[in-house]
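Residue-level structural notes
Residues per chain are reported as follows:
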Amino acid sequence: MNERNGFSFAGIPMVLVCIVLAAVGVAFYLQADHNQIAMVFGVPFHLVTAFLAKGFFQVAPNEGQVLQLFGKYAGTVREEGLRWTNPFYSRRRISLRVRNFESGKLKVNDSDGNPIEIAAVVVWQVVDTAEAVFRVDDYENFVHIQSESALRQMAQNYPYDAHDDGKPSLRSHGETINNHLRDEIQARLERAGVNVIEARISHLAYAQEIAQAMLQRQQANAIVAARERIVEGAVGMVRMALDKLRQEGVVQLDEERKAAMVSNLLVVLCGDRATQPVVNAGTIYN
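We now turn to the structure provided with this report. What you see is a predicted model, and the numbers here were worked out from it, not measured in a lab.

**Details of the overall build of the protein**
The helix and strand inventory of the protein stands at seven helices and ten strands. Per-residue burial over the protein gives 31% buried out of 286 residues. Relative to all contacts within the protein whose residues are 6 or more apart in sequence, the contacts with residues 24 or more apart total 68%.

Following this line, the structure appears as structure tokens:
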């Protein structure tokens, strides 16, 4: 079942029609003192006016009115303003505005089996009122439950931290993760006439029982990465120093002295404590 336009037209002309019918009915009542039959003819005009008045309804901006005739879908009205339709139609107001909600903090296992806490913000909008009303029981509750289900499913496909530079993770590849989450939610909500505009991770952390251990691992990884960067820079500086000494002819060093110089420079550059200089009073070979 897909949305289609429902029968309605501008309400102002029908307001004028109702006023005319009511005026005619009043005119018959005014003549009732002289003619009892006039009162009988005035009653139908008032009944028809009251019946037609049931067909008036308002449509606000970004809103739809779903029409039903004795339980059968009769269409949706999206035209703004005062409208009139068949008085036998029942009407249900559906908001077409952009809405958002934040899921609760869910406790799931990532692809490595580590328990994590994760939550997301979902921005969504109803695009097909017929599917939203008739294909699911409560479309707002359906959006919330299916979004949390998709979030759980998505979180189980990625590790919290990337162990391989080419593999996406929950913490390091935000755009990839958000796009995957949006696609997962959209696939589930499409049947309810809902379009997912955006889905983003709003909370991500290790579960409390392993948070301290994972923090220590992250600190260890950071220390190792920093040491690798320091050693890489130190080796470049030593190479540059040896090349400068050779090009400018400041001093000629044999392989043994070069090794000693490289060792000393690496200790100075890579050490995490201040170095103590040692003055050699003799020659470089003493």
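**Describing the environment of Lys107**
Assignment of secondary structure puts Lys107 in strand E8 (residues 106-109). Here the alpha-carbon distance between Lys107 and Ala205, two residues 98 residues apart in the chain, equals 9.7 Å. Contacts of Lys107, omitting those with residues within four sequence positions, involve Pro115, Ile116, Arg152, Ala207 and Glu209.

**A few points about the sheet that holds strand E5 (residues 81-84)**
The antiparallel open sheet is built from three strands, whose spatial order is E1-E5-E2. Edge positions in the open sheet fall to strand E1 (9-10) and strand E2 (56-59), since each of these has one partner strand only. Relative to E5, E2 runs antiparallel, the two sharing four bridges. Looking across to E5, one finds that Phe56 is bridged to Trp84.

**Comments concerning the pairing of strand E7 (residues 99-102)**
The side-chain alternation of E7 yields one buried face, formed by Arg99 and Phe101, and one unburied face, formed by Asn100 and Glu102. Where E7 meets strand E9 (residues 115-126), four bridges bridge the pair, whose relative direction is antiparallel. Note on E9: the bridge partner recorded for Arg99 is Trp124.

**With respect to the environment of Asn100**
With respect to the helices and strands, the residue Asn100 is situated in strand E7. Taking the C-alpha atoms as reference, Asn100 lies 6.9 Å from Val121; in sequence the two are 21 residues apart. Ignoring sequence-local partners within four residues, the contact set of Asn100 consists of Val122, Val123 and Trp124.

**Quick look at the pattern of salt bridges**
Applying the stated rule across the entire model yields seven salt bridges. Across the pair Arg78 and Glu3 runs a salt bridge, and its minimum N-O distance is 2.8 Å. Linking Arg78 in the loop between strand E4 (72-77) and E5 with Glu3 in the segment before E1, this pair joins segments that are 75 residues apart in sequence. Between Glu198 and Arg200 there is a salt bridge; the shortest N-O distance is 2.4 Å. Of the residues examined, Glu198 reaches a relative accessible area of 32% and is grouped as partly exposed. Residue classification places Arg200 among the partly exposed positions, given a relative accessible area of 37%.

**A short note on the side chain of Arg83**
Here Arg83 lies in strand E5. Notably, Arg83 is buried but unbridged: the nearest opposite-charge side chain belongs to Glu79, and the N-O separation is 4.6 Å. At 3.3 Å, the side chain of Arg83 forms a polar contact with the side chain of Ser8. Residue contacts for Arg83: discarding those within four places in its chain leaves Ser8, Phe9, Ala10, Gly11, Gly55, Phe56, Phe57, Val59 and Val77.

**Some remarks on a nonpolar patch on the surface**
On the surface, Ile12, Val15, Leu16, Ile19 and Leu82 cluster together into a nonpolar patch covering about 420 Å² of accessible area. Looking at the secondary structure, you find Leu82 in strand E5.

**A short note on the sheet that holds E4**
The antiparallel open sheet is built from three strands, whose spatial order is E4-E3-E6. Single-partner strands in this sheet number two, and they are E4 and strand E6 (90-95). Strand-to-strand twist across the sheet, computed as the mean angle between neighbouring axes with direction ignored, equals 25°. Relative to E6, strand E3 (residues 63-69) runs antiparallel, the two being bridged by six bridges. Pairing of Gly64 across the sheet is with Ile94, part of E6.

Conventions adopted
Residue numbers restart at each chain and count upward from 1, following the sequence in its written direction. Only residues with pLDDT of at least 70 are given local features in this predicted model, and only at 80 or more are side-chain atom pairs given and counted; all residues enter the totals for whole chains, interfaces and linings. Calculated side-chain values reflect all of the structure's heavy atoms, with hydrogen atoms and water omitted. Going along the chain from the N terminus, every DSSP run of H or I of four or more residues is numbered as a helix, and every run of E of two or more is numbered as a strand. Any residue under 20% of the maximum accessible area for its type is buried, any over 50% is exposed, and the rest in between are partly exposed; the area is computed with a 1.4 Å probe on protein chains only. The contact rule is simple, with two residues in contact once any of their heavy atoms fall within 4.5 Å. Strand pairing requires that DSSP identify at least two bridges connecting the strands. Just to be clear on terms, a salt bridge is a Lys or Arg side-chain nitrogen sitting within 4 Å of an Asp or Glu carboxyl oxygen. Neither His nor the chain ends is counted toward charge; the positive residues are Lys and Arg and the negative residues Asp and Glu. What qualifies as a polar contact is a pair of N or O atoms within 3.5 Å, subject to a donor-acceptor requirement within protein and to the restriction that residues adjacent in sequence count only when both atoms come from side chains. Here a patch means residues that are over 30% exposed by relative accessible area and free of salt bridges, tied together within 9 Å if like-charged and within 5 Å if nonpolar (Val, Leu, Ile, Met, Phe, Trp, Tyr). Computed by Shrake-Rupley with a 1.4 Å probe, the accessible areas treat only the displayed protein chains as cover when residues are assessed. A fitted line through C-alpha atoms serves as each axis, taken over the contacting stretch for helices, and the angle formed by two N-to-C directions is quoted from 0 to 180°.

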